[in-house]
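Observations on the three-dimensional arrangement
Take a look at the letters that make up each chain.
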Amino acid sequence: MIKQTEELKKYNRIYREMDEIYHTAAARGGLSDSAFYILYAICEWGDGCRQKDISRSFYLSKQTIHSSIRKLEQEGYLTLQAGKGRNMHIYLTHTGKKLVEEKIKPVIQAENEVFAIMTEEESRQLLRLSEKYKELFKERIGQCFVPDSSTK
């Protein structure tokens, strides 16, 4: 059995706690996690964004995004308009804009405030090291699951 280092345990706890913070924000807003992330992505990408844009931002499955968008549309928060090819553009309704103002923008404001509290160097370090960890981990995972040529 491989034992986790204390640093890895701490990092994983931080990662899960951050995920829980966003889950709590979504729940307090009466939203599922996927609905929260879709509305957040619309704030990021702007009205008229596509499901592909949302997937690119939050790495949610196409199926999850599609079903959550349909639910938000049924609830009157979004409308969809056909674009080129099979692209559907997502727009907030008046009710959706109100929901975003009340439930999503305060979270984005809190995130911005945290970065404002941190020094510029701390912010750069956090981003640089997070990016480095992600890239190294992605590389190692890729190496773990290389097809074994002896099994062919």
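As a reminder, the structure under discussion sits directly above these lines.
Residues numbered from 1 in each chain as written. Predicted model: local features only at pLDDT ≥ 70, side-chain atom pairs only at ≥ 80, totals over all residues. Heavy atoms only, no water.

Digging into a nonpolar patch on the surface
- On the surface, Tyr-11, Tyr-15, Tyr-133, Phe-137, Ile-141 and Phe-145 cluster together into a nonpolar patch covering about 660 Å² of accessible area.
- When contributions to the nonpolar patch are tallied by element, the ones reaching two or more residues are α1 (6–28) and α6 (120–144).
- Considering each element in turn, the nonpolar patch owes the most residues, three residues, to α6.
- Among the structural elements, Phe-137 can be located in helix α6. (Patch = residues over 30% accessible without salt bridge, like charges linked within 9 Å, V, L, I, M, F, W, Y side chains within 5 Å. Areas by Shrake-Rupley, 256 points an atom, 1.4 Å probe, with all protein chains shown as cover. Salt bridge = Lys/Arg side-chain N within 4 Å of Asp/Glu carboxyl O. Helix = DSSP H or I, 4+ residues; strand = E, 2+ residues; numbered from the N terminus.)

With respect to the sheet that holds strand β2 (residues 78–82)
- The three strands lie next to each other as β1-β3-β2, forming an open sheet whose pairing is antiparallel. The outermost strands of the open sheet, each flanked by one partner alone, are β1 (49–50) and β2.
- Note that β2 and strand β3 (residues 88–92) share five bridges and pair antiparallel. Each residue of the ladder has a partner; that of Leu-78, found in β3, is Leu-92. (Pairing = 2+ DSSP bridges.)

Quick look at the pairing of β3
- Examined bridge by bridge, β1 and β3 share two bridges and lie antiparallel to one another. Bridge assignment links Arg-50 to a residue of β3, and that residue is His-89.
- The turn joining β2 and β3, which pair antiparallel and follow one another in sequence, is formed by five residues; a positive phi near 60° is taken by Gly-85.

Overview of the pattern of salt bridges
- Applying the stated criterion to the full structure yields 11 salt bridges.
- Between Arg-70 and Glu-73 there is a salt bridge whose closest N-O contact spans 3.0 Å. Of this pair, Arg-70 and Glu-73 are both found in helix α4 (residues 62–74), three residues apart, which corresponds to roughly one turn of the helix.
- Across the pair Glu-101 and Lys-105 runs a salt bridge whose closest N-O atoms are separated by 2.8 Å. Placement of the pair is Glu-101 and Lys-105 together in helix α5 (residues 94–117), with a separation of four residues, close to one helical turn.

Structural notes on the packing of aromatic side chains
- Going through the model one piece at a time under the given rule, you end up with eight aromatic pairs.
- Plain terms: the ring middles of Tyr-22 and Tyr-37 are 6.4 Å apart, the flat faces sit at 45° to each other, and that makes the pair tilted. Separated by 15 residues along the polypeptide, Tyr-22 in helix α1 and Tyr-37 in helix α2 (residues 33–45) bring together distant segments of the chain.
- The rings of Tyr-22, Phe-36, Tyr-37, Tyr-40 and Phe-58 are connected pair by pair, giving a single aromatic cluster. (Phe/Tyr/Trp six-rings, centres within 6.5 Å; stacked < 30°, edge-to-face > 60°.)

Brief notes about the state of the cysteines
- Per the counting criterion, the structure on display carries zero disulfides.
- Of all cysteine sulfurs in the structure, the one in Cys-49 sits closest to Cys-43, which takes part in no disulfide; the separation is 9.6 Å. (Disulfide = S-S within 2.5 Å.)

Observations concerning α4
- Compared with the 18 Å implied by 1.5 Å per residue over 13 residues, the 18 Å span of α4 between its first and last C-alpha is a close match.
- Buried within α4 we find Ile-65, Ser-68, Ile-69 and Leu-72. Along the axis of α4, the buried residues cluster in a sector spanning 105°; they form a single face. Facing away from the buried surface of α4 by more than 90 degrees, the exposed residues are Gln-63 and Gln-74.
- Tucked into the core, α4 has its buried residues touching α2, α3 (51–58), β2 and β3.
- Phi turns positive one or two residues past the end of α4, at Gly-76, with a value near 90°. (Expected span 1.5 Å × (residues − 1). Buried < 20%, exposed > 50% of the residue type's maximum accessible area, 1.4 Å probe, protein only. Arc of directions from axis to C-beta. Contact = heavy atoms within 4.5 Å.)

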